[in-house]
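# Coordinate analysis (summary)
Letter by letter, the chains look like this.
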Amino acid sequence: DVQLQASGGGLVQAGGSLRLSCAASGFIFDDYAIGWFRQAPGKEREAVSCDHTASGVTYFSDPVQGRFSTTVDTARHTVYLQMNNLKPEDTAVYYCAVDKWAACYYPLRLDFGSWGRGTLVTVSS
């Protein structure tokens, strides 16, 4: 079975950096799209990024473009989200998710099939 767990969240001041990890197991990376998502209090879920290792495609949403980056470590079965120059509006619970036999598209989609538990990122002003 697919197992996912996001971690690494915490409190950081605006302009700071944070790296989130998504520990993954139970699937072959090349057969899945891997995404990061976030949901702020009182707001709807939004997509952050999507990676498809089979094609080498990576997409980011406009609000994080140029500030966030991802790394897929197949040996450790872990996906990382590096967040730089954080802003208060980045405050949210961040989730990782995968979608079987799927690719990444832009604009990013939200309908991924398997989700992990989120980690809270709080950015103070």
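Below: a short report on this structure.

## Considerations on the sheet that holds strand β7 (residues 68–73)
Taken in spatial order, the four strands of this open sheet run β1-β3-β8-β7, and their pairing is antiparallel. The open sheet has two edge strands with one neighbour each: β1 (3–7) and β7. Between one strand and the next, the sheet's axes are offset by a mean angle of 15°, whatever the strand orientation. With five bridges joining them, β1 and strand β3 (residues 18–25) adopt antiparallel strand pairing. Bridge pairing in β3 places Gln-5 opposite Ala-23.

## Topic: unusual backbone geometry
Most peptide bonds take the trans form, and the phi angle of most residues other than glycine is negative. The omega angle of the peptide bond from Tyr-106 to Pro-107 is 5°, so this bond is cis rather than trans. Structurally, Pro-107 is set in the loop between β9 (92–100) and β10 (114–115). Positive phi, close to 50°, is recorded for His-77, a residue that is not glycine. Within the fold, His-77 resides in the loop between β7 and β8 (78–83). Backbone geometry places Asn-85, a non-glycine residue, at a positive phi of 50°. Looking at where Asn-85 falls in the secondary structure, it is placed in the loop between β8 and β9. Among the residues examined, Asn-85 registers a relative accessible area of 42% and is labelled partly exposed.

## Things to note about the nonpolar core
Judged by nonpolar contacts, the single largest core of 27 residues is most densely connected at Leu-20, Trp-36, Phe-68, Leu-81, Met-83 and Tyr-94. Among the secondary structure elements, those contributing two or more residues to this core are β1, β3, β4 (32–39), β8, β9 and β11 (119–124). If sequence neighbours within four positions are ignored, Tyr-94 has contacts with Ala-6, Leu-20, Phe-37, Arg-38, Val-48, Phe-68, Leu-81, Met-83, Gly-118, Thr-119 and Val-121. Grouped together as the second largest cluster of nonpolar side chains are nine residues, Ala-47, Ala-97, Cys-104 and Leu-108 included.

Thresholds applied
- Residues numbered from 1 in each chain as written.
- Predicted model: local features only at pLDDT ≥ 70, side-chain atom pairs only at ≥ 80, totals over all residues.
- Heavy atoms only, no water.
- Pairing = 2+ DSSP bridges.
- Helix = DSSP H or I, 4+ residues; strand = E, 2+ residues; numbered from the N terminus.
- Axes fitted to C-alpha atoms, helices over the stretch in contact; angles between N-to-C directions.
- Buried < 20%, exposed > 50% of the residue type's maximum accessible area, 1.4 Å probe, protein only.
- Core = buried A, V, L, I, M, F, W, Y, C linked by side-chain atoms within 4.5 Å.
- Contact = heavy atoms within 4.5 Å.

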